[in-house]
Amino acid sequence: MKAPVRVAVTGAAGQIGYALLFRIAAGDMLGKDQPVILHLLEITPALDALKGVVMELNDCAFPLLADIVATDDANVAFKDADYALLVGARPRGAGMERKDLLEANGKIFGPQGKALNDHAKRDVKVLVVGNPANTNALIAQQNAPDLDPKCFTAMVRLDHNRAMSQLAEKTGKHNTDIKKMIIWGNHSSTQYPDLHHVTVDGKNAMELVDQAWYEGEFIPTVQQRGAAIIKARGASSAASAASAAIDHMRSWALGTDEGDWVSMGIPSDGSYGIEPGVIYGYPVTCKDGKYEIVQGLEINDFSRARMDATAKELHEERSAVEGLFAK
Ligand code: NAX
């Protein structure tokens, strides 16, 4: 059996946390041969609820769960962390403008970035789930000057999985027949789910669907799926978000399948003309714990306009929070 690794999860007593922790402890994220020590971070008023979650984790008697640390101190939660899933965030309150939301979250993700900088393993893999995920990831990264910026990623995998499921339904195929999905940009309604490089059972997706469906149904459905879930369920996506977080980390840690790729929000390096300085959804392949942007994809005018629009939104978000970056 391998030595245990430390997996920090923030917002651990929340609804995504409740769907996430049990799957990490069961080995779904890092493999059935990888013991884990869970480091659970919550705000002080939620520590009682967290105690209940810890009791339930213990009651599962998971063979792979080596230990649990539960705390309201980020310095403790991120101590020697190999993985960090930043789920806890400030939700948008009534009458709150986007700028207020970004700033309120900056107050969470700035200090958490600093705590990661000071205490986590130097090759820590950080996934930000809490919204606005891309810009929260940027704030954390900007407060961790001693860590490689590539340690910081944001989750667009739920959008990726939603897009796969919509296309599978439309084409009458199973999602396992679908390869090379891409979500470009922000985890927001400007995200661009791109079908031009996708294959369904080996055939190009754009040859199987018409432009009207792609533009008028598929793209808006994927972009608005979060709101549709809230309307139907009366609560935001939780189990599917947790599942996507598991997928994101598993791909990163254990690698992507040969002949396929996944979408991850990662620091832009200028690839595909996206100005650096933001965390942008890209198609990536992963190997040996590292990700690389898929290069050389042809981008048509339709895609270019949408990729630029979502980049513009991210740069605007960046401008609103630049004051929260470490000097
Ligand atoms: P909940 O409100 O159920 O849980 C959030 C938990 O975070 C709460 O228990 C709260 O006490 C805790 N928390 C707040 N501030 C904290 C801090 N500073 N340190 C540690 N813990 C803190 O929300 P939940 O439904 O679990 O969603 C969590 C976040 O995920 C939200 O920001 C949500 O918008 C975001 N989502 C992101 C998605 C994505 O694809 N990137 C999709 C699902 C989800 O909407």
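Not measured: the values here are computed from a predicted model. (Residues numbered from 1 in each chain as written. Predicted model: local features only at pLDDT ≥ 70, side-chain atom pairs only at ≥ 80, totals over all residues. Heavy atoms only, no water.)

Points about the pattern of salt bridges
When their charged atoms lie close together, side chains carrying opposite charge are able to pair.
For step 1, the next point in the chain: Counting across every chain of the model gives 14 salt bridges.
For step 2, the next point in the chain: In this structure, the salt-bridge partner of Asp28 is Lys32, at a minimum N-O distance of 3.3 Å.
For step 3, the next point in the chain: Residue class for Asp28 comes out partly exposed when judged on its relative accessible area of 24%.
For step 4, the next point in the chain: Between Lys312 and Glu316 there is a salt bridge, with its nearest N and O atoms 3.1 Å apart. Remark: Glu316 and Lys312 occur in helix H10 (residues 301-321); sequence separation between them is four residues, near one turn of the helix.
For step 5, the next point in the chain: Classification of Glu316 by relative accessible area gives partly exposed; the value is 39%. (Salt bridge = Lys/Arg side-chain N within 4 Å of Asp/Glu carboxyl O. Buried < 20%, exposed > 50% of the residue type's maximum accessible area, 1.4 Å probe, protein only. Helix = DSSP H or I, 4+ residues; strand = E, 2+ residues; numbered from the N terminus.)

Description of the domain arrangement of the chain
For step 1, the next point in the chain: Segmentation of the chain into domains returns domain 1 (5-154) and domain 2 (156-320).
For step 2, the next point in the chain: For domain 1 and domain 2, the distance between their C-alpha centroids amounts to 23 Å.
For step 3, the next point in the chain: In this complex, domain 1 contributes 34 residues to the contact, which on the side of domain 2 involves 38 residues.
For step 4, the next point in the chain: Buried surface at the junction of domain 1 and domain 2, both sides included, amounts to about 2,700 Å², of which 63% is carbon and sulfur.
For step 5, the next point in the chain: By the criterion of area lost to domain 2, the three top residues of domain 1 are Gln15, Lys125 and Asn134, representing 21% of everything that side buries.
For step 6, the next point in the chain: Seen at the junction of domain 1 and domain 2, the total is zero salt bridges.
For step 7, the next point in the chain: Summed over the shared surface of domain 1 and domain 2, the result is 13 residue pairs in polar contact (both at pLDDT 80 or more). (Domains from an automatic or database assignment. Contact = heavy atoms within 4.5 Å. Buried area = accessible area lost by both parts, 1.4 Å probe. Polar contact = N/O pair within 3.5 Å; in protein donor to acceptor, adjacent residues only side chain to side chain.)

Quick look at the site of the ligand
For step 1, the next point in the chain: What surrounds the ligand is a group of 22 residues, the closest being Gln15, Ile16, Glu42, Val129 and Asn131.
For step 2, the next point in the chain: Between a nitrogen atom of the ligand and a main-chain N or O atom of Gly11, the distance comes to 3.3 Å.
For step 3, the next point in the chain: Ile16 places a polar main-chain atom, nitrogen or oxygen, 2.9 Å from an oxygen atom of the ligand.
For step 4, the next point in the chain: Put simply, the ligand lies in the largest pocket.
For step 5, the next point in the chain: Breaking the shell around the ligand down by element, the ones donating at least two residues are helix H1 (15-26) and helix H4 (98-119).
For step 6, the next point in the chain: Residue composition of the shell around the ligand, by class: eleven nonpolar, ten polar and one charged.
For step 7, the next point in the chain: Counting the residues that make up the shell around the ligand, at least three belong to each of domain 1 (5-154) and domain 2 (156-320). (Near = heavy atom within 4 Å. 1 Å grid on protein atoms, 1.4 Å probe; cavity = no way out; pocket = protein on both sides within 12 Å on 5 of 7 lines; lining within 4 Å. Sits in = over half its atoms within 2 Å of the grid points. Nonpolar A, V, L, I, M, F, W, Y, C, P; charged D, E, K, R; others polar.)

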